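Now for the letters of each chain:
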Amino acid sequence: MFQESLSDKVAMFNQYANKHKDKQEKNPFTSGLNLEKRTFSKDEYGRPVAGSLTDIRGRKATAHILKEVLELCEIIYQEGTPCRDQPEITAITFGDLFNIYTHISDKCVGLLLRARKQKLVDFEGECLFQRRDDDVPIYLVKPIAEIRDTFKQRLKDMAKETPKS
């Protein structure tokens with residue numbers, strides 16, 4: 001069994017204490033020191049430090065949501081019907097989609113809003129509500145093959161950027 005000498009333990013403690021002290025000196029909430037204001041680029045502002053656990057969790061969550069949006073688009077494509085005048089656009093009513101998708105997930109409306117923000121689907125109104133908006137048509141405005149390819153590429157790019165934990 002490996003045993004450390006007392007001086008090794010003291011050195012390790014002092015090293016940890018010095019790191020903590022340096023970090024606290026830079027913390028604007030710990031003292032009334034006149035610290036220089038930290039500057040951020042537009043890309044850094046409001047984002048976690050690259051490679052941090054928060055950054056990794058955020059990337060995993062983003063990848064998970066991408067997969068759920070793709071699954072929603074797949075369901076609209078499989079269960080919807082092509083429009084007469086534009087066969088590349090598939091439509092389904094909100095009521096039908098809600099009944100199908102709630103067996104898979106309870107986040108149907110949120111995913112629809114996210115998919116609309118990404119210009120994958122379109123529907124009238126700000127937000128859809130069960131029963132009130134059951135007859136509102138939801139249109140899959142991009143071909144499903146294009147959506148699949150785009151999402152697969154985005155997931156590959158995210159996998160390359162995410163450090164292994």
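Residues numbered from 1 in each chain as written. Predicted model: local features only at pLDDT ≥ 70, side-chain atom pairs only at ≥ 80, totals over all residues. Heavy atoms only, no water.

Labelled according to an unreviewed UniProt entry, the protein chain appears under the name Actin-binding Rho-activating protein, originating from Dufourea novaeangliae.

Section: the overall build of the protein chain
If you tally the helices and strands in the protein chain, you get five helices and four strands. Scanning the protein chain from its N terminus toward the C terminus, one meets helices and strands in the order α-α-β-β-α-α-β-β-α. Whereas a compact globule of 165 residues would reach a radius of gyration of roughly 15 Å, the protein chain reaches 25 Å, over 25% beyond that. Buried positions account for 25% of the 165 residues belonging to the protein chain. Partitioning the intrachain contacts of the protein chain with sequence separation of at least 6 by distance along the chain shows that 55% fall at a separation of at least 24. Only carbon and sulfur atoms are counted for the fraction: they give 53% of the accessible area of the protein chain, which is about 12,800 Å². (Helix = DSSP H or I, 4+ residues; strand = E, 2+ residues; numbered from the N terminus. Rg over C-alpha atoms; globule rule 2.2 N^0.38 Å. Buried < 20%, exposed > 50% of the residue type's maximum accessible area, 1.4 Å probe, protein only. Contact = heavy atoms within 4.5 Å. Areas by Shrake-Rupley, 256 points an atom, 1.4 Å probe, with all protein chains shown as cover.)

Structural notes on the pattern of salt bridges
Enumeration over the complete set of coordinates arrives at five salt bridges. One salt bridge connects D55 with R59, and the closest N-O pair in it is separated by 3.2 Å. Here D55 and its partner R59 are both found in helix α2 (residues 53-79), four residues apart, which amounts to about one turn of the helix. Taking the relative accessible area as the measure of exposure, D55 reaches 10% and is therefore buried. A salt bridge links R148 to E74; its shortest N-O distance comes to 2.6 Å. Note that R148 is positioned in helix α5 (residues 144-161) and E74 in helix α2, a separation of 74 residues in sequence. (Salt bridge = Lys/Arg side-chain N within 4 Å of Asp/Glu carboxyl O.)

Structural notes on the UniProt feature "domain: Costars" (unreviewed entry) in the protein chain
As recorded in UniProt, the feature "domain: Costars" (unreviewed entry) lies at residues 63-141. Here residues 63-141 runs as 44% helix and 15% strand, with 22 Å between its end C-alpha atoms. (UniProt positions renumbered as here; feature names shortened; annotations may be inferred.)

What to know about α5
For α5, which comprises 18 residues, the first-to-last C-alpha distance of 26 Å matches the rise-based estimate of 26 Å (1.5 Å per residue) to within 8%. Considered for burial, the residues of α5 that qualify are I144, I147, F151 and M158. What you see down the axis of α5 is that its buried residues fit within an arc of 60°, all on one side. Opposite the buried face of α5, at more than 90 degrees from it, the exposed residues are D149, K156 and K160. The inward-facing, buried residues of α5 contact α2 and β4 (137-140). (Expected span 1.5 Å × (residues − 1). Arc of directions from axis to C-beta.)

A closer look at the layout of surface pockets
Looking at the largest pocket, its volume works out to about 310 Å³. Lining the largest pocket are 14 residues, with E44, R47, P48, V49 and A50 sitting closest to its centre. For the lining of the largest pocket, the per-class residue count stands at five nonpolar, three polar and six charged. (1 Å grid on protein atoms, 1.4 Å probe; cavity = no way out; pocket = protein on both sides within 12 Å on 5 of 7 lines; lining within 4 Å. Points joined across faces, edges and corners; volume = space filled by probe spheres on them. Nonpolar A, V, L, I, M, F, W, Y, C, P; charged D, E, K, R; others polar.)

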